[in-house]
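Descriptive analysis of the structure
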Amino acid sequence: MVVDSSFADLDVAIVADGPFGGTCLNFGCIPSKMLGYTADVARTVGGAAQYGVEASLRGMRWRQVRDRVFSRLDAESAEGREGREKSDFITVYDGHARFTGPKRLQVEQGETSVAIEAEQIVLATGARPTVPPQVADSGLPFETSDTIMRIDQPPRRLAVLGGGYIAVELAEVFAAAGSEIVIVEQAEELLGTQDESVSEAFTELAGRRFELQLGRELTRLEGSAGELRLVLDDGTVVEADMLLVAVGRTPNSDGLDLAKSGIETFDDGRVVVDDYQRTEADGVFALGDICSPYQLKHVANREAEVVAHNLRHPDELRATSHDVVPAAVFSNPQIAFVGATEQDCRDAGRDYAVGTTRYADVAYGWALEDTDGFCKILADRDTGLLLGAHLMGSQALTLIQPLVLAMTLGIDAKTLAQQPYWIHPALSEVISNALRAL
Ligand SMILES: Cc1cc2nc3c(=O)[nH]c(=O)nc-3n(C[C@H](O)[C@H](O)[C@H](O)COP(=O)(O)OP(=O)(O)OC[C@H]3O[C@@H](n4cnc5c(N)ncnc54)[C@H](O)[C@@H]3O)c2cc1C
Ligand SMILES: NC(=O)c1ccc[n+]([C@@H]2O[C@H](COP(=O)([O-])OP(=O)(O)OC[C@H]3O[C@@H](n4cnc5c(N)ncnc54)[C@H](O)[C@@H]3O)[C@@H](O)[C@H]2O)c1
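This structure is a prediction, so every number in the text was calculated from the model and none was measured. What you see as residue numbers is a count from 1 along each chain, following the sequence as written. Chain labels run from A onward and ligand labels from 1 onward, assigned in the order the entries are written. Residue-level local features of this predicted model are given only where pLDDT is at least 70; pairs of side-chain atoms are given and counted only at 80 or more, and the full residue set underlies all totals for whole chains, interfaces and linings.

What follows concerns the site of ligand 2. Think of it this way: take the backbone, place a C-beta atom on it, and check whether that atom is within 6 Å of the molecule or strand, in which case the residue is near it. Surveying the vicinity of ligand 2 reveals 26 residues, the closest of which are Gly 162, Gly 164, Ile 166, Val 247 and Gln 295. Per the convention used, a helix needs a DSSP run of H or I reaching at least four residues, while a strand needs a run of E reaching at least two, with both numbered from the N terminus. For the shell around ligand 2, the secondary-structure elements that each account for two or more residues are helix H5 (165-176), strand E9 (180-185) and strand E17 (327-329). For the shell around ligand 2, the per-class residue count stands at 15 nonpolar, 7 polar and 4 charged. Polar here means any residue other than Ala, Val, Leu, Ile, Met, Phe, Trp, Tyr, Cys and Pro, which are nonpolar, and Asp, Glu, Lys and Arg, which are charged; Gly is therefore polar.

Right, dumping it as C-alpha cells:
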C-alpha cells in the first residue's frame, strides 16, 4: 500500500480495473492459504490413526468452506475500497489505464473515458496467469488461480498444467476436497527451482499421492467441457473433468501502451526499474510483479515502502534490497528457503559446507512421526557465513525465519548455533543441529 495519510496534501488518483487488494487478497496468497489450512485440518483428521487417535474424515463441505473464505475476503476488499472512496484526497477510478503520453493516462471506465495527468505515477499493475496457446486456442474451458478457488464444486479429476508453486498448493486443496489429481510438468521434477534435495524429495512424496506426468509438454487439448483430454508430447492422453493452468504469471505491462511514456521493459515483460524503483520515464515508479525479479507479496510490500518514501523524498532516495529474499511453498509437506541452492553454490565454484538434519533425528520430529522432513544449511567454509537454507516439513514456513535473520544481519553459522539458546524439544532443534553439523 503506497498511499496513506502522509499523502493527504496531494491530489491522488487510484486507478484499478480489478477488486481492491489485488491478487494477494482476492485471488492469491490469502484465499489459497485459508483453503490450504482447511486442507491441513482435513488431512490431520484423516491421518489421526497413526497417533492412536480414533477419528474418521467424512469429507469437506466445499461450498461452505469457499463461502467462509470469500465472504471474509470480499468484505475486506469492499472495505478497502470504501476507505479510499471516503478519503477527501483520493479519487478512485474503476477502469483500465493506458498511457497517452509522458505523465498522461487515459482510463476507460465502462462507457466513459477519463484523462488523467499526474506529476508522479506509480505502476503496480501486477501479473496475470500465463495461458499457453495449446489451451487458449482450444476453445475449451479451463481454470486459473483467478477462478478455481471460487468454483461451485470440486472436480472429480483435476489436471494441473505446471508443477510450480500454484500447482502444488492448489493440488493439496482440491485433493483434500476429494478430487483426484494429475500434474503435467515439463521439467523432470516438481518445484524445479528449489534446492535439488528438496525438489527430489518433494517430487517423490507427491508421486505417492498424485499422478505425475513429468518431463511432458501438452501437445493439444481435446474433448468437451467436463470431459477434457490432454494429449501429451509422448502420446499419453490424460483425462480430466477440469484443467487448472499454472505455468507462471505474465507481467501486466503489455496493456499500458508503455511506448507512449518512454518506459522500457525486459523481454519477459517486466518493466525496467533502477534500485530506487524508478522507471526510465521521469516521475514514474514501478513496484511488485510488474517489475520485480520476485513475484512475491512480501517483496511487493517492501518495494511499496521504498516507493512511498521516494515519492516524497526525491533528495534522499532509498534503494530496495533484494539480497536475502526468503519464500515458502504452502504445500504438503511445507517448504521454505532463503539464499543459494546447493546447485547454485556448485555452479559458482564456491568452497561451501553443508549441514543437514532430519526431522526424524530430533525429539519433536518423533512427536510428529515425521520420516521425511529435513533442514539443509549451506555456508561458506572460509567465513562461516550462511549461503542458503532449505527446509521441507512441518512448520517450515516459520522455522526458516532465524536463518533469514542470520543471513540478513551477517551472523555466521557458529555464532548462530552457539550463542542463542534453542528451545528444547522444539522443532527449531532441526536448525540448531544442522548448524552444528556444518
Ligand atoms: C494463487 C497465488 C498464490 C500466491 N501466494 C503467495 C504467497 O503465499 N506468498 C507470496 O509472497 N506471494 C504469493 N503470491 C504472489 C502475490 O500474490 C503477488 O506477488 C502480489 O500480489 C503482487 O502484487 P502487485 O501489487 O504487484 O500486483 P497485484 O496484486 O496483482 O495487483 C495489480 C492490480 O492492478 C490491476 N491492473 C492491472 N492492469 C491495470 C491497468 N492497466 N489499469 C488499472 N488497473 C490495472 C489489477 O486488476 C490488479 O488489481 C501468490 C499468487 C497467486 C496467484
Ligand atoms: N507461496 C508462495 O509464495 C506463492 C504461491 C503461489 C504463487 N506464487 C508466485 O506466483 C508465481 C507463479 O506461480 P506458478 O505456479 O504459476 O509458476 P511457477 O513459476 O512457480 O511454476 C510454473 C511451472 O510450470 C512449468 N511449466 C511452464 N510451462 C509449462 C508447460 N507449457 N507445460 C507444463 N509445464 C510448464 C514450469 O516448468 C514450472 O515448473 C510463482 O513463481 C510465485 O512467485 C507464490
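Core analysis: the biggest nonpolar cluster contains 83 residues, and Ala 159, Val 160, Ile 335 and Ile 377 have the highest contact counts within it. Here this core takes 9 residues from H5, the largest share from any one element. With C-beta atoms placed from the backbone, a contact is any residue pair whose C-beta atoms sit within 7 Å. Apart from the residues lying within four places of it in its own chain, the contact partners of Ala 159 are Val 182, Val 184, Leu 228, Leu 230, Val 238, Ala 240 and Leu 243. Note on terminology: a nonpolar core is a set of buried residues of type Ala, Val, Leu, Ile, Met, Phe, Trp, Tyr or Cys, with members joined through C-beta atoms within 7 Å. Buried residues are those with 20 or more other C-beta atoms within 10 Å of their own C-beta, exposed residues have 12 or fewer, and partly exposed residues lie in between; C-beta atoms are placed from the backbone.

Across the sheet, 4 strands lie side by side as E10-E9-E8-E14; this open sheet has parallel pairing. Where the open sheet ends on each side, the last strands, each with one partner, are strand E10 (211-214) and strand E14 (242-245). Neighbouring strand axes in the sheet, compared pairwise and without regard to direction, differ in orientation by 20° on average. Pairing of E9 with E10, which is carried by 4 bridges, proceeds in the parallel orientation. When the sheet's bridge partners are listed, Glu 185 is paired in E10 with Leu 214. Lines fitted to C-alpha atoms define the axes here, with helix axes fitted over just the stretch in contact, and angles between the N-to-C directions of these axes take values from 0 to 180 degrees. The strands touched by H5 are strand E8 (157-161), E9 and E14; relative to E9, the strand with the most contacts, the crossing angle is about 165°. In this scheme, strands are said to pair when DSSP sees at least two bridges between them.

Here we come to the domain arrangement of the protein. Split by domain assignment, the protein resolves into domain 1 (5-125 + 250-312), domain 2 (133-247) and domain 3 (333-437). Domain extents, as shown, originate in an automatic or database domain assignment. Each of domain 2 and domain 3 has a C-alpha centre, and the two are 31 Å apart. Contact residues are listed per partner, giving 9 residues for domain 2 and 10 residues for domain 3.

What follows deals with helix H13 (residues 429-437). When you tally the buried positions in H13, you get 7 out of 9 residues, the bulk of the element. Those residues of H13 not exposed but buried are Glu 429, Val 430, Ile 431, Ser 432, Asn 433, Ala 434 and Leu 435. Contacts from the buried residues of H13 go to strand E19 (352-358), helix H9 (363-368), strand E20 (374-380), helix H10 (396-399), helix H11 (401-409) and helix H12 (413-418).

This part is about the site of ligand 1. Around ligand 1 sit 30 residues, and of these Gly 18, Gly 22, Gly 28, Gly 126 and Gly 288 come closest. Its residues assigned to classes, the shell around ligand 1 comprises 13 nonpolar, 14 polar and 3 charged.

Here we come to the packing of helix H2 (residues 29-46) against helix H3 (residues 62-86). Two numbers describe how H2 lies on H3: the axes approach to 10 Å, and their chain directions differ by 150°. In this structure, H2 crosses over H3, and the sense of that crossing is right-handed. Contact with H2, carried on its side by Ile 30, Pro 31, Met 34, Leu 35 and Thr 38, involves Val 65, Val 69, Phe 70 and Leu 73 of H3 and no other residues of that element. Across the contact of H2 with H3, the residue classes tally to 8 nonpolar, 1 polar and no charged. With the far helix as reference, a near helix turned anticlockwise by less than a right angle produces a left-handed crossing, and one turned clockwise produces a right-handed crossing.

Moving on, we come to the packing of H2 against H5. Running from N to C, H2 and H5 cross one another at 50°; their axes reach a closest spacing of 9 Å. In terms of orientation, H2 and H5 fall into the oblique class. Relative to H5, the crossing made by H2 is left-handed. For the pair formed by H2 and H5, the contact residues are Ser 32, Leu 35, Gly 36, Ala 39, Ala 42 and Arg 43 on the first element and Glu 169, Leu 170, Glu 172, Val 173 and Ala 176 on the second. By residue class, the composition of the contact of H2 with H5 is 6 nonpolar, 2 polar and 3 charged. Each angle gets one of four labels, with under 35 degrees taken as roughly parallel, over 145 as roughly antiparallel, 65 to 115 as roughly perpendicular, and the rest as oblique.

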